[in-house]
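Remarks on the overall topology
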Amino acid sequence: MRRGSRANGPIVMFCNCLSENYWEWRAEVAAARAIAARGYTTFSFHPRAHGDSAGDPAELTIDGLIDDAVAAVDRARSMSAAARVVWVGIRFGAIVAAGAISRRGGAALALWEPVIEPKDYFAKLMRHVLYYELSQGMRPSVTVEEMRRLLERDGRVAVLTFDLYRKFTESASKLNLPGLLADWRGPAYLSQFQVHSKLSRENSRLKDLFASRGIRVTASAGPHASEAGDPWQHPETEIDRMREWLDGLG
Amino acid sequence: MDWAETAATLARARAEIPVSFAGPNGELCGILTPAARKVASAQRWVAFPGRPRFGTRRLRVLAARHLAAQGFSCLRFDLHGSGESAGDAVNPERANPYGDDVAAAIRYLGKVDRGARILLTGYCFDALSAMAAFEREPETIDGLFFAAAPIAVQRIDRIAANAGGGFRGRVAGMLSGRTRQPPPRLSDRFVSSFSALIGSRASALLIYGTSDYMSAEADLLEQAMRALGDDARRRVILERWQGSLRSVGCEPAIYERLISWAMQFYGSAEMRVTA
């Protein structure tokens, strides 16, 4: 927890999990520090089976991750006087933040390159294995279909930076971001962490869906601090824009 | 090896202490995992310099807890520009390992535990950084576990190298953006660190996969090691594993080897001390 100086400011809760990108955690730390320097109280945590926390990834379920986010926000509220909570969902953490909002509510929600449909996301992770092996000069050792079969048969399959477990994928594949936020109408911020400066088709659809529900949505899609580099490695521009959005919430 | 959490490793997790210490580029942050008291091996430390520790495939975290349960205190820390440590987030370069960060960690451990003896570990760039610490703080380092790090001047293009000369070689060279590659050689940076390792009293286990693009770099190392004296060849071992150390899902095997080597290494060191 990083304590801010604003008397009536919200608490900014970061939700991150799985972490497919080397720089994601670093980007979260940079954002939390920058936002705290602006006077906001922030809270970051490692959910079960992640980072320094206890837990077995084979036993992970989406409900367990949402339970952790709820426990984290309850703890954060008990440690601060903040009445409002702004959630920041990073990649798969967007699904977790949305699940936590459905249980504990939230004044606003920022989404960093959110996973929208977990089922599609898992398939994409499997495809990335093939691309990686090609980039290393290897012949792809396995097809996406074979990875699906392995997951079904063995209960686990390795993707690039973590292992997918059947228990987790089965629990999460039933959900999606629009469904979890069906009853929520707070202001939202959608940040695209891609090299492209135009919103992707998926993110455009999400923005339009939010707008059709009457959600006030602000979208950001670059240009980034590092035009050609990895936006996760250089998140400064996105952090500045999110700070402005936070300031505008009042 | 079963990586599932046990009561012993969970107890080590609960005993962990977040720490920070001064590095050359600002504060470095890490986690100290104290050894279980009942089995504590006096002043034996395993240090894991590295990059992020977030995520579910956190073998460094689990390895540290496992080793701590076996009696070795561990320090995991973020190199500068990574995780929670200070510094600019830049892409690591083989020519510029962060040996100064590792040296700072060694000095920190010396303050925490006077007389600490340290085993350094690392994979890829982290391994290069660990080895570079031998140029700065060799006295307290007992050993080095070094896995799949780039050690040549530049990446040796495996496709071009395999294609050899002739039409295939030219096509592969064009695809890789180079029509003629300079003869491969170990980088001066690596040679300097490796020489410091050889000049120390420390032992080391270096591992490479035979099907990785780095295998050609390990060939250069193997050639260089033939020139070493008997004492150095006893202390510094190169293992060539069948397959890849960079393939998806290979990490558990690497960390299992680290744990078995550390246990064996410190086990025999303890025996030497006793004798």
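Here the structure is a predicted model, which means the values were calculated and not measured.

**Regarding empty space enclosed by the protein**
All names here are of chain B. Taken as a whole and assessed by the stated rule, the structure comprises five cavities of 30 Å³ or more. Considering the residues around the largest cavity, the lining is formed by F48, P49, R60, T121, G122, Y123, D126, F145, A147, I254, Y255 and L258. Of all the secondary structure elements, the ones that give two or more residues to the lining of the largest cavity are β3 (44-50), β5 (117-123), β6 (141-147) and α10 (251-274). Residue composition of the lining of the largest cavity, by class: eight nonpolar, two polar and two charged.

**Structural notes on the pattern of salt bridges**
For the structure on display, the rule yields 30 salt bridges over all chains. Its salt-bridge partner being E20 of chain A, residue R91 of chain A comes within 3.1 Å of it at the nearest N-O pair. Here R91 of chain A is found in the loop between β3 (85-90) and α3 (93-104), whereas its partner E20 of chain A is found in the loop between β1 (11-16) and α1 (24-37), with 71 residues between them in sequence. E137 of chain B serves as the salt-bridge partner of R107 of chain B, at 3.0 Å between the closest nitrogen and oxygen. Within this pair, whereas R107 of chain B is found in helix α3 (residues 99-112), its partner E137 of chain B is found in the loop between α4 (125-132) and β6, the two being separated by 30 residues in sequence. Overall, R107 of chain B belongs to the partly exposed group, its relative accessible area being 42%. Shared partners join several salt bridges into a network, and the residues in it are D52 of chain A together with E16, R65 and R76 of chain B.

**Examining the environment of G4 of chain A**
Residue and element names in this part refer to chain A. Locating G4 in the fold gives a position in the segment before β1. Of the residues examined, G4 reaches a relative accessible area of 23% and is grouped as partly exposed. Distance in space between the C-alpha atoms of G4 and A211 is 31 Å, their sequence separation being 207 residues. Apart from the residues within four sequence positions on either side, G4 is in contact with A36, G39, Y40 and T41.

**What about the sheet that holds strand β2 (residues 26-33) of chain B?**
Residues and elements named next belong to chain B. The sheet built from eight strands is open, its strands ordered β1-β2-β4-β3-β5-β6-β7-β8 with mixed pairing. The open sheet terminates on both sides in strands that have one partner only, identified here as β1 (17-23) and β8 (236-241). Adjacent strand axes in the sheet meet at a mean angle of 20 degrees, parallel and antiparallel pairs treated alike. Across the face of the sheet, helix α2 (residues 59-69) comes into contact with β2, β3 and β4 (73-78) while running at roughly 160 degrees to β4.

**Comments concerning the nonpolar core**
The biggest cluster of nonpolar side chains holds 58 residues, and the ones touching the most others in it are M13, W87, F92, V96, L164 and L177 of chain A. A per-element tally of this core places helix α2 (residues 62-79) of chain A first, with eight residues. Excluding residues within four positions of it along the chain, W87 of chain A makes contact with M13, C15, A69, V73, A97, A100, I101, G105, G106, A108, L109 and A110 of chain A. Formed by 53 residues, the second largest nonpolar core is a distinct cluster that contains W45, L75, F125 and L220 of chain B.

**Comments concerning the confidence of the model for chain B**
Residues and elements named next belong to chain B. Mean pLDDT for chain B: 87, with 85% of residues reaching 70 or above. Residue range residues 159-165 is modelled with pLDDT below 50. Its contacts to residues more than four positions away, or to other chains, number eight contacts. Note that pLDDT drops below 50 for residues 271-275; the model gives that stretch one contact with residues more than four away or on any other chain. As a predicted assembly, this complex carries a pTM of 0.89 together with an ipTM value of 0.89.

**Brief notes about the packing of helix α4 (residues 118-135) of chain A against helix α5 (residues 144-154) of chain A**
Residues and elements named next belong to chain A. α5 packs onto α4 with a crossing angle of 120 degrees between their chain directions and a minimal axis gap of 9 Å. Between α4 and α5, the interaxial angle falls into the category oblique. The handedness of the crossing between α4 and α5 is right-handed. Where α4 approaches α5, its residues A123, M126, R127, V129 and L130 are matched on the opposing element by V144, M147, R148 and L151. The class makeup of the residues in the contact of α4 with α5 is seven nonpolar, no polar and two charged.

**Focus: the environment of G115 of chain B**
By secondary structure assignment, the location of G115 of chain B is in the loop between α3 and β5. Through-space distance from the C-alpha of G115 of chain B to that of S244 of chain B is 38 Å; in sequence the pair is 129 residues apart.

**Structural notes on the interface of chain A and chain B**
Listed per partner, the contact involves 36 residues of chain A and 34 residues of chain B. When chain A packs against chain B, close to 2800 Å² is buried across both sides, 49% of that on carbon and sulfur atoms. When residues of chain A are sorted by the area they lose upon contact with chain B, Y22, R26 and D52 of chain A head the list and together hold 23% of the total. Counting the contacts that link chain A with chain B gives two salt bridges. Linking chain A to chain B there are 21 residue pairs in polar contact (both at pLDDT 80 or more). For the side of chain A that touches chain B, the secondary structure elements donating two or more residues are α1 and α4 of chain A. Here the side of chain A that touches chain B gets four residues from one element, more than from any other, and that element is α1 of chain A.

**Remarks on the packing of aromatic side chains**
Geometry of an aromatic ring pair is reported as the spacing of the ring centres plus the angle between the planes. Applying the stated criterion to the full structure yields 17 aromatic pairs over all chains. Taking the centre distance of 6.2 Å and the plane angle of 50 degrees together, the rings of F146 of chain B and F190 of chain B count as tilted. Residue F146 of chain B is found in strand β6, and its partner F190 of chain B is found in helix α7 (residues 188-199); the two are separated by 44 residues along the sequence. Like F146 of chain B, the residue F190 of chain B is buried in the burial classification. Pairwise contacts between aromatic rings join F14, W112, F193 and W232 of chain A into one cluster. For R6 of chain A, the ring lying beneath its charged end belongs to Y40 of chain A, and the centroid distance is 4.1 Å.

Scoring rules and cut-offs
- Residues numbered from 1 in each chain as written.
- Chains lettered and ligands numbered in written order.
- Predicted model: local features only at pLDDT ≥ 70, side-chain atom pairs only at ≥ 80, totals over all residues.
- Heavy atoms only, no water.
- 1 Å grid on protein atoms, 1.4 Å probe; cavity = no way out; pocket = protein on both sides within 12 Å on 5 of 7 lines; lining within 4 Å.
- Points joined across faces, edges and corners; volume = space filled by probe spheres on them.
- Helix = DSSP H or I, 4+ residues; strand = E, 2+ residues; numbered from the N terminus.
- Nonpolar A, V, L, I, M, F, W, Y, C, P; charged D, E, K, R; others polar.
- Salt bridge = Lys/Arg side-chain N within 4 Å of Asp/Glu carboxyl O.
- Buried < 20%, exposed > 50% of the residue type's maximum accessible area, 1.4 Å probe, protein only.
- Contact = heavy atoms within 4.5 Å.
- Pairing = 2+ DSSP bridges.
- Axes fitted to C-alpha atoms, helices over the stretch in contact; angles between N-to-C directions.
- Core = buried A, V, L, I, M, F, W, Y, C linked by side-chain atoms within 4.5 Å.
- pLDDT = per-residue confidence, 0-100.
- Parallel < 35°, antiparallel > 145°, perpendicular 65-115°, else oblique.
- Left-handed = near helix turned anticlockwise from the far one by under 90°.
- Buried area = accessible area lost by both parts, 1.4 Å probe.
- Polar contact = N/O pair within 3.5 Å; in protein donor to acceptor, adjacent residues only side chain to side chain.
- Phe/Tyr/Trp six-rings, centres within 6.5 Å; stacked < 30°, edge-to-face > 60°.
- Lys NZ or Arg CZ within 6 Å of the ring centre and 35° of its normal.

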